[in-house]
Amino acid sequence: MTATVPPDGEEATRLAHWDMTPIFPGLESAEFRDAFAAIAADIGELRRLCDQYGVRKRDSNLIDPTTLAGFAAVTEHMNLLSDRVRTVSAYLTSFVSTDSRNDLAQAKLSELQGQLVALRQLDTRYDAWLGSLDIDMLIARSPLAQAHAFALRQAAEAAQHQMSESEEDLAAHLNLSAGTAWAKLHGNLTSRLTATVRMPGGEDRTLPMSAVRGLALDADGAVREAAYRAEIAGWETAALPLAAAINSIKGEVNTLCARRAWKDPLDAALFANAMDRDALAAMQHACTEAFPDFRRYLRAKARLLGKQILPWWDLMAPVGGAAGSRPWRFDEATRFLVEQFRSYSPRLAELAARAIDERWIDAEPRDGKRDGAFCMSVRADESRVMMNFKPSFGSMQTMAHELGHAYHNLNLAKRTPLQRHTPMALAETASIFCETIVTNAALAVA
């Protein structure tokens, strides 16, 4: 017998869906239509300002009154526009990431991505312009530039890795049918992928892949093994288009990095994340040195499970006494998070309580919803967290981690978009810390 059912029976029906109505009442509301239309108008105004002040690569690095006025006008408008794009983009992402079959949201997101090609072209001109200027002099003469010093120096350096303006314009247009299109295919395909799990009792359960992956945390080893085998079989059915998507995305990256005179794609990624190779090497070395400890842990875990070697389907098996192995319901996990966050910081606890009360979290695994978890900034101090909750200690850790990103966004709320860009190594610090708070507390309770 085959039945298509939600994971964990009644538990799934109680899991939260995020509430986006405080942002806009709906995709067809006047408020959303006005905000969407304003983006095109704002991009047009930004182009007018860039043309007025000659914002593009130039021969003179002179910082005169016209340059200062142009910098202020263009930078302030870019910050304003970026905030508006963030809100509309996050709103649309909230729909397509949780329901890839929402045709209206998909169409509006595609339309927005088309409009943003023009914004990327203007961003490129802005960086090229900054690369032509005496940045130190600009920072010395402009309080606005001083407040954005790091971002301006990064932009000026990025300008040294630009192709010609016409080539960059072409790359921005082609990206819509290249990397962006392949990434969209990957997301839409994986969100609709299902797998049939043969449960220990003999029943076949057809589940979204996100729910199948969640069974890796099940307390029953037979369920974990069945889910693992179903997952592998499910991914095999989509292997060809997913390989094409990944190869095409990386092919675009490799081609553009070479044309932009980066040593290799790693150099471009390190620059984008404000790191150097020595720092990365130190991090990799620390990981390598820790491998023996991880291997000892995995061997110990195998022994706890009564096995000589730990199979793949037991990598995430819940162990560790009452905290690690017992189920954690969503409502119980949220209460525990707030309580433990408060032991460190009332402000952090208030953020978590607000996220729960105002329904910032979308927790239910379901067909059409993407796998994994993320936190996105929406506007001001508001974020939204997407995850695929399984009543487990691991899912509670994931929620703590993503709320750490929301707390980071809270602390960045008063910064401008140009100031908010956060390198990956820094972006994960608050999240890892929040996850550690909850993990240590749960182990202590156990």
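This paragraph deals with the packing of helix 2 (residues 30-52) against helix 3 (residues 65-96). Running from N to C, helix 2 and helix 3 cross one another at 155°; their axes reach a closest spacing of 10 Å. The angle between the axes of helix 2 and helix 3 places the two elements in the roughly antiparallel class. In this structure, helix 2 crosses over helix 3, and the sense of that crossing is left-handed. Packed against helix 2, whose contacting residues are F32, A35, F36, I39, D42, I43, E45, L46, L49 and C50, the element helix 3 presents A73, V74, H77, M78, L81, R84, V85, V88, Y91 and L92 at the interface. Among the residues forming the contact of helix 2 with helix 3, the class breakdown is 16 nonpolar, one polar and three charged.

Time to look at the packing of aromatic side chains. Applying the stated criterion across every chain yields a total of 12 aromatic pairs. Judged by centre distance (6.4 Å) and plane angle (55°), the rings of W18 and F374 are tilted. You can see W18 sitting in the loop between helix 1 (10-14) and helix 2 and its partner F374 sitting in strand 5 (residues 374-379), a full 356 residues away along the chain. The buried category is assigned to W18, whose relative accessible area is 8%. With relative accessibility at 25%, the residue F374 sits in the partly exposed group. Centroid distance Y91 to F95: 5.0 Å. Interplanar angle 75°. Geometry classified as edge-to-face. Taken together, the positions of Y91 and F95, both in helix 3 and four residues apart, correspond to about one turn of that helix. Look at Y91 and you get buried, because its relative accessible area is 1%. Residue F95 is classed as partly exposed on the basis of its relative accessible area of 22%. Members of the aromatic cluster, joined through ring pairs, are F24, F32, F36, Y91 and F95.

Per the counting criterion, the structure on display carries 30 salt bridges. The salt bridge partner of E165 is R56, with a shortest N-O separation of 2.8 Å. Placement of the pair is E165 in helix 8 (residues 165-175) and R56 in the loop between helix 2 and helix 3, with a sequence separation of 109 residues. A salt bridge links R224 to D314, with the shortest nitrogen-to-oxygen separation between them at 2.9 Å. Highlighted residues: R224 in helix 11 (residues 221-237) and D314 in the loop between helix 14 (277-304) and helix 15 (321-325), separated in sequence by 90 residues.

This part is about the nonpolar core. Of all hydrophobic cores here, the largest spans 47 residues; its most connected members are Y126, L130 and L138. Elements that contribute at least two residues to this core include exactly helix 2, helix 3, helix 4 (103-132), helix 5 (135-141), helix 7 (149-159) and strand 5. The greatest single-element share of this core, amounting to 11 residues, is contributed by helix 3. The residues touching L138, leaving out its near neighbours within four places in the chain, are I63, L68, F71, L130, L133, A145 and L152. Listed in part, the 34 residues of the second largest apolar core include F330, A349, M387 and L403.

What follows is about unusual backbone geometry. Non-glycine residue A274 carries a positive phi angle of around 55°. On the basis of relative accessibility, which here comes to 44%, the residue A274 falls in the partly exposed class. The phi dihedral of R359 is positive, around 60°, even though this residue is not glycine. Structurally, R359 is set in the loop between helix 17 (346-357) and strand 4 (361-362). Judged by its relative accessible area of 41%, R359 is partly exposed.

Three- or four-residue spacings in an α-helix give side chains the same orientation, since the helix completes a turn every 3.6 residues. The first and last C-alpha atoms of helix 12 (residues 239-259) sit 30 Å apart over 21 residues, in line with the 30 Å expected at 1.5 Å per residue. Of the positions making up helix 12, those classed as buried are L242, A245, E252, L256 and C257. Axial view of helix 12: buried residues confined to an arc of 125°, hence all on one face. Turned more than 90 degrees away from the buried face of helix 12, the exposed residues are L240, N247, A258 and R259. Structurally, helix 12 contributes buried residues whose contacts are with helix 8, helix 9 (179-192), helix 11 and helix 13 (265-272). Two residues or fewer past helix 12, A261 is found with a positive phi of approximately 65°.

Right, let's talk about the packing of helix 4 against helix 8 for a bit. Look at helix 4 against helix 8: their axes get within 9 Å of each other, and the N-to-C directions meet at 150°. One way to sum up the angle between helix 4 and helix 8 is to call them roughly antiparallel. Where helix 4 crosses over helix 8, the handedness of that crossing is right-handed. Across the interface between the two elements, V117, R120, Q121, T124 and R125 from helix 4 touch E165, E168, D169, A172, H173 and N175 from helix 8. Along the lines of polarity and charge, the residues of the contact of helix 4 with helix 8 split into two nonpolar, four polar and five charged.

What follows concerns helix 14. For helix 14, which comprises 28 residues, the first-to-last C-alpha distance of 40 Å matches the rise-based estimate of 40 Å (1.5 Å per residue) to within 8%. At F291, helix 14 shows its strongest bend, of approximately 40°, with the proline P292 following within four residues. For helix 14, the complete set of buried residues consists of A290, K301 and A302. Near the N-terminus of helix 14, the side chain that reaches the backbone nitrogen of D278, with its oxygen 3.2 Å away, is that of D276. G306 lies just past helix 14 and shows a positive phi near 75°.

Thresholds, definitions, all that
Residues numbered from 1 in each chain as written. Predicted model: local features only at pLDDT ≥ 70, side-chain atom pairs only at ≥ 80, totals over all residues. Heavy atoms only, no water. Axes fitted to C-alpha atoms, helices over the stretch in contact; angles between N-to-C directions. Helix = DSSP H or I, 4+ residues; strand = E, 2+ residues; numbered from the N terminus. Parallel < 35°, antiparallel > 145°, perpendicular 65-115°, else oblique. Left-handed = near helix turned anticlockwise from the far one by under 90°. Contact = heavy atoms within 4.5 Å. Nonpolar A, V, L, I, M, F, W, Y, C, P; charged D, E, K, R; others polar. Phe/Tyr/Trp six-rings, centres within 6.5 Å; stacked < 30°, edge-to-face > 60°. Buried < 20%, exposed > 50% of the residue type's maximum accessible area, 1.4 Å probe, protein only. Salt bridge = Lys/Arg side-chain N within 4 Å of Asp/Glu carboxyl O. Core = buried A, V, L, I, M, F, W, Y, C linked by side-chain atoms within 4.5 Å. Expected span 1.5 Å × (residues − 1). Arc of directions from axis to C-beta. Bend = angle between axes of the 7 residues up to and from the residue. Polar contact = N/O pair within 3.5 Å; in protein donor to acceptor, adjacent residues only side chain to side chain.

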